[in-house]
Every structure is written in C-alpha cells, then in structure tokens.
Amino acid sequence: MAVAEAQLYAKVSNKHRGRSTSALLEPLLAKGFPAHTAQKALVATGQKTIEDAVKWLHSHCNDPSLDDPIPQEYALYLCPTGRLHSRLQEFWKESKRQCGRNRAHEVFPHITLCDFFTCEDQKVELLYNILKRVGDSFSQSFPPSISLTLHASPSYLGFFIDDSQANILKEFAVAFSSEASALADCHVKPSLKQFHLTLAHKFYPHHQKTLEQLAKCINPGEPCQWVAALYSRDMRFVHYQRLRALFQYKPQNIDELMINAGDLIYVEPRQQSEASEGWVIGTSHRTGCRGFLPENYTERAHESDTWVKHREYVFDTASRSFPKAEKEPNIKLNGEAHNLSMSRSPSNVLSLLNTALRRGVLVLCHGERVDQVFGKSWLQQCLTADGKYYRADLNFPSSLPRQKDSMKQFECDPPLSCCGIFQSRLIGEALLDQEVTISYVYSSPALCCVQTAQHVLQGLKLNQKVRIRVEPGLFEWTKWEASRAIPNFMTVAELVEASYDIDTSYRAIFPLSSLVPLESYEDYVSRSSAVIKQITTACPSKGKGVILTVGHSSSLASLTRALAGLPSKDSRDFAQMVRKIPFLGMCFCEEQKEENKWQMVNPPVKTLTHGANAAFNWRNAILED
C-alpha cells in the first residue's frame, strides 16, 4: 500500500463512522420501539445504521429474551491487515485442510490487548470515544513494524512479539482499560502476559511437524498495517458450539426451528438428551428463537462467526516506515534459524511432505439405504400378496439379490436405494478423476456395504480387476443393531451368484461367528483397532496404493483413530459424532515415512452434499381443496 493511500485509509477509518448513538436511537424511538430494545438492537449490529437495527428488531420479534437486560461482552484485539493477514489466512486454510481444526481456527489472527469484559448498552459509545482518544495519543509511538518470532511446543505454535514493542502495546492496553473502567464503568483487564499471535493451539502432537513446516512459509516481515478493533459477543452462548445452516428448513412441528441457509445456530452439547437421533436443539443467532432442527442440515462454524465488529483504530505507520534491506528475514524455531523464500507457499510444503508418504487407507461409510428413506417397514411396501418383490417407488432397487432364506432377512440387512447406488458410483468416478489407485477393497458383511464397494469399483472402472474382501470385523457396533441379534448376512456364495466381485479366497480376520450381540463399547473399539491394523499388515507396503475400507458411520472414527494412534472417544461423544456422518462420508489416513505410522489427512475427493426429496402425491397436493 502506498504511503499516501495508507494515510488516507487511516484518516477515514479513524473517524467515527456514521452518526452518534443518540442520532441513531431517536429515529428508532420515533418508529415506536421501546428505548431498551432499540439500544439493544444498535449494540447487536455494531451501531452502524438505522436500517441494520430495524432489520434486527424485526428478525427478533419472537425472541423470548428480547427484553432481558443482558449486556454484551467486549474485547479489544490488535489485528494485522494487508499481505501479512493474507499469508496468515493461507496458513489457517492449509493447516485446517492437512491437520483438521484446532482451537486457533475458532478466531481470526489477532493479538489480545484486552480480554472480554461487559459493558452496559447505553455506555458502549463511550468505548468508541475512548478507543479513538487513546489511539490518537499512541499514534506516534506505535512501532513502525512489529517483530514476530516463531515459537513452537507440542500444543502451541505462534509468533511472540519483541519485548520492547510488546511494552508499547501493553501501555496502549493499560491506557484503554483505565479509561474504560473509569468512564464507562467497565471492569477491563489489559493483557499483561507475553504478547503473541497464535497460529495453532491444542492440536495433536503428531501434527506438530506438519504445522511447523507450514508456519515456515509465513514471512513475518510482510507489509502490514495494524488495527485495534473492538468486538462483542453474546455472553449467554460463550460455551456453546456454533453451527451454520447449509439449507433452509421449514418447521413441520411447533417445537422446530425455522432456519435459512447461512443462519448461525448456538448449540449446547449437554442439552441434547431431549433430541432424537439426527436432531439437535439450537438457538438461532438471527432470530433468537429456540427449537429442534435436523443436524445434517448444518456444518460446524467458528466461534468468531457470531461476533460483531464495532469500531477500529488504524495505526498509520506507513509515513514512519524505513526502507527494508533486500535480505530476506530469518525466523527462529526452537532456537534454529530459518531463511524464508517469498515464493514458498503451503502448497510447496505439501508437495515436499507427499514425497514421504506411502500407502493410504480410505474409510468410507455406505450409501443411502432403503430403510433410512422408507422406514423399517420398507419391505412390506414392496411385497405383493403372494410374497413377490415389486418396486413401489423409483428409489427402491429394481430387484433384490437371491437369498436361500426368506426375503424377510433383508429387513435386518437392507440394500442400497437407487440413490445410494448412484452416490457410490459418483464417489468411484471422483476417485478415478483424481487418479487414486485402489489396490485392495475390504467391506463389512452388511449388504449395503458390499453394494457400496461394488458400485465404487464400477465408477473406478475396476470391477472384475479388484475384488472385495468381506470382513465381518468391519461390522458396526452390535449394540446398535435394532434386532438385538447379528443379522443373517448373505453368504459369500450368494454374493458371487448375485454377480458381486467377491474375493472367494479371502479368509476373514474376525469370523462371522465371533460377532457378539450387544457388545460393550470397549469390545467394539478393540475389535475395530485389531481389524484395521491387521488389514494394513496383510496388504504389502511396497509402493503406493490405497486400501478402500467400506463400513458404517461408526467406522470413520473407530478405524481411523485407532490407525493414527489416537485415543478412542467417550461412548457418549462417539454416539453424538456418529449422528453427524452422512452417507458416503469418508476419512483418509496416509502412512508416513516410518512404516506403520499413520496420519489423518484430507480425503482425495470432495464431499457429496444433496437435499431431501419427499414423496409426492399429486392427487392430494393438486386436487385437494
């Protein structure tokens, strides 16, 4: 950014934006809104425009907490802008892709100046004035640039601030907190610990090396203008999870929540005992209303997605900056100096890391089953009076494979729907497009899993080339089996007769007779751990190749966590997590340079998302008055 442009940006940004609170409040009072709710609406929208406040009030007309005198919590952060911010965002994205979410992903890149404190709605404007006044008083002493030194530990990765510069930042934080405490009657605590900018926090220790490699791509000397920004959050939902709605949902019952695509929802995990499987109880950030909503209509959001930005002070340091030497800056990592290249990026590091990778294990949940669409009595809908199968809906399979026993066995071992078959082929085609080499295929004995494996192979154009190894040890936790008995699965001979590409020479690790009804969670975890480790041991480790393992939603956690050496989840947390896994959900583990050391990474293909399509009765819908 040129010096003149930076100065102009600072002058514009540091002016009090819009009209004062009183000027915004009067039109709302004239519209008939009570003073306390109008003030609440202004604070909830960052006191920017009357239009924003009116829209908020209309959205919250049914909010049961609208009249509650609960103040917001505020925090003062120092945030980078410009190219440094862009590099940090690239790190955020790539670290999440390679290593999954950690605590740092919940909030944008920042240095904490004053942690969260409460302020009454009618006194918030005083905070804006204080930020402007204190910012002006420090504008000349603020460091022209801030030196950042990389620091790493098994659970933390981030930049530490040079002591001399950190002292100036602390003085700024103390000045703001002192004035806010005196004038706005707030109890504000300035941050006096080691000033830092967190890159990753509370991650798995085996991800440390990858995160450090990615962090070395960030040049802390990138051009940057620092901004002191005031944010607020709703103190009632501090410890709640945040979800983002992917689709619109219109309530079918009075206790359900109306959501639009993009809505943010607060969910308290400890309050979900009232919700049935596949549903959660949440409070809408947009409307303040509470109710049940389908969990598969949402994805996890970040904590700061629900925060409101109020005012900011831009430190104009461009006019006081000095030309920098051409020599690239060094950073220290655990005492070791590293020279940075401007051309290095997370994608370069990814390619370097891939050279150490060998095999992969792709764990895949089965496709859509007929009973999950048409209910447990689906078979009764498809049988004629003389017991023959017919297709009652286009999403039923055109036929069922032959079984020596009665067709009623399919009630406990249901097949894929036609959509499930399409989903599976689509995944296979996506793997083919990405040139993923599938060397071995293992499947749970459940018919839906065998069919999923078969159609994935068809999408890959590998049918007849790679055969399916049916492994009973991959079956789901037997405690969840509704019949309280092990289903009567189709035999290998029956599957072959039905034209499934089965490896008839394969000898199961866990014989079918070893499956016990109502097994304990510990026994299920132990079985899953043993079977995945024996599968990887049985498949030759020379050369690259992917072992495709088709199982159930529970398989994604029980198999991959065991393979990556992660502890098993608590049984209650495990059950909640499994409810969120969709059809064809997948996890991917890659073997590291050291043989039999595995790490969970991003799957090789995109996720598959689609909406529901309810049954349609034209007579009732069109002709009925």
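Scoring rules and cut-offs
Residues numbered from 1 in each chain as written. Predicted model: local features only at pLDDT ≥ 70, side-chain atom pairs only at ≥ 80, totals over all residues. Heavy atoms only, no water. Phe/Tyr/Trp six-rings, centres within 6.5 Å; stacked < 30°, edge-to-face > 60°. Helix = DSSP H or I, 4+ residues; strand = E, 2+ residues; numbered from the N terminus. Buried < 20%, exposed > 50% of the residue type's maximum accessible area, 1.4 Å probe, protein only. Lys NZ or Arg CZ within 6 Å of the ring centre and 35° of its normal. Pairing = 2+ DSSP bridges. Axes fitted to C-alpha atoms, helices over the stretch in contact; angles between N-to-C directions. Contact = heavy atoms within 4.5 Å. pLDDT = per-residue confidence, 0-100. Core = buried A, V, L, I, M, F, W, Y, C linked by side-chain atoms within 4.5 Å. Left-handed = near helix turned anticlockwise from the far one by under 90°. Nonpolar A, V, L, I, M, F, W, Y, C, P; charged D, E, K, R; others polar. Salt bridge = Lys/Arg side-chain N within 4 Å of Asp/Glu carboxyl O.

**Here's the deal with the packing of aromatic side chains**
Step number 1: This model, assessed by the stated rule, comprises 31 aromatic pairs.
Step number 2: Relative to Y231, the ring of Y77 lies with its centre 6.2 Å away and its plane at 40 degrees, an arrangement referred to as tilted. Separated by 154 residues along the polypeptide, Y77 in strand β1 (residues 72–80) and Y231 in strand β6 (residues 226–233) bring together distant segments of the chain. In this structure, Y77 and Y231 share a single accessibility class: buried.
Step number 3: Geometrically, the ring pair formed by Y77 and W307 is tilted, given 6.0 Å between the ring centres and 45 degrees between the ring planes. Taken as a pair, Y77 in strand β1 and W307 in the loop between β11 (298–300) and β12 (308–314) lie far apart in primary sequence, 230 residues in all.
Step number 4: Members of the aromatic cluster, joined through ring pairs, are Y77, F108, F116, Y231 and W307.
Step number 5: Positioned above the aromatic ring of F116, the side-chain terminus of R233 is 3.6 Å from the ring centre.
Step number 6: The ring of Y128 carries R311 above its face, with NZ or CZ at 4.2 Å from the centroid.

**A short note on the sheet that holds strand β20 (residues 598–601)**
Step number 1: Pairing in this open sheet of six strands is mixed, and the strands run β17-β16-β18-β15-β19-β20 from one edge to the other. Both edges of this open sheet fall to β17 (468–470) and β20, since each of them pairs with a single strand only. Mean inter-strand twist for the sheet, computed between neighbouring axes without regard to direction, equals 25 degrees.
Step number 2: Bridge analysis of strand β19 (residues 586–591) against β20 gives four bridges, and the strand direction is antiparallel. Each bridged residue has a counterpart across the sheet, and for C589 the counterpart in β20 is M600.

**Focus: the side chain of S553**
Step number 1: Here S553 shows up in the loop between β18 (545–551) and α15 (555–563).
Step number 2: Overall, S553 belongs to the buried group, its relative accessible area being 17%.
Step number 3: Apart from the residues within four sequence positions on either side, S553 is in contact with C365, V578 and I581.

**A closer look at the confidence of the model for the chain**
Step number 1: Predicted confidence across the chain gives a mean pLDDT of 86, with 88% of residues reaching 70 or more.
Step number 2: The low-confidence segment residues 1–19 (pLDDT under 50) makes 28 contacts with residues lying over four places distant or belonging to another chain.
Step number 3: Confidence over residues 321–357 falls short of pLDDT 50; this stretch has 64 contacts with residues more than four positions distant or in other chains.

**Considering the nonpolar core**
Step number 1: One finds L78, L127, L157, F176 and L199 to be the most contacted residues of the largest nonpolar core, which totals 53 residues.
Step number 2: Sorting elements by how many residues they give to this core places helix α6 (residues 124–138) first, with seven residues.
Step number 3: Beyond its immediate stretch of four places on either side in the chain, L199 contacts L88, F91, W92, N102, A104, L150, L157, G158, F159, A215 and I218.
Step number 4: Counting 45 residues, the second-largest nonpolar core is a separate cluster that includes L416, L431, V436 and I468.

**Here we look at the packing of α6 against helix α7 (residues 163–183)**
Step number 1: As a packed pair, α6 and α7 sit with axes 10 Å apart at the nearest point and diverge in direction by 145 degrees. For α6 against α7, the interelement crossing comes out right-handed. Contacts between α6 and α7 pair L126, L127, I130, L131, R133, V134, G135 and F138 from the former with I168, E171, F172, A175, F176, E179, A180 and L183 from the latter.
Step number 2: Taken together, the residues of the contact of α6 with α7 sort by class into twelve nonpolar, one polar and three charged.

**Things to note about the sheet that holds strand β8 (residues 264–267)**
Step number 1: Strand order in the open sheet made by the five strands is β10-β9-β8-β7-β11, with antiparallel pairing throughout. Across the chains shown, the open sheet's two edge strands, defined by having one partner strand only, are β10 (290–294) and β11. Direction aside, neighbouring strands of the sheet carry axes that sit 45 degrees apart on average.
Step number 2: Bridge analysis of strand β7 (residues 241–245) against β11 gives three bridges, and the strand direction is antiparallel. Considered in β11, the bridge of A245 is made with T298.

**Thoughts on the pattern of salt bridges**
Step number 1: In the structure shown here, the tally under the stated rule is 23 salt bridges.
Step number 2: In this structure, the salt-bridge partner of D371 is R369, at a minimum N-O distance of 2.8 Å. Accessibility assignment for this pair places D371 and R369 in one class, buried.
Step number 3: D501 is the partner of R467 in a salt bridge, and the nearest nitrogen-oxygen pair spans 3.9 Å. Placement of R467 in the loop between α12 (447–459) and β17 and of D501 in the loop between α13 (492–497) and α14 (521–538) is noted, with a sequence separation of 34 residues between them.
Step number 4: Classification of R467 by relative accessible area gives partly exposed; the value is 38%.
Step number 5: Residues joined in a network through salt bridges with shared partners are E73, R103, R233 and E303.

**Description of the environment of I281**
Step number 1: Secondary-structure assignment places I281 in strand β9 (residues 279–284).
Step number 2: Note: C-alpha distance between I281 and P294 (13 residues apart in sequence) is 9.0 Å.
Step number 3: The residues contacting I281, other than those within four sequence positions of it, are Y266, V267, Q271, Q272, E274, A275, R290, G291, F292 and L293.

**Observations regarding the pairing of β9**
Step number 1: Within β9, five of the six residues are buried, which leaves it mostly tucked inside the rest of the structure.
Step number 2: Bridge analysis of β8 against β9 gives two bridges, and the strand direction is antiparallel. In the strand pairing of β9, I265 is matched with S284.
Step number 3: Where β9 meets β10, five bridges bridge the pair, whose relative direction is antiparallel.

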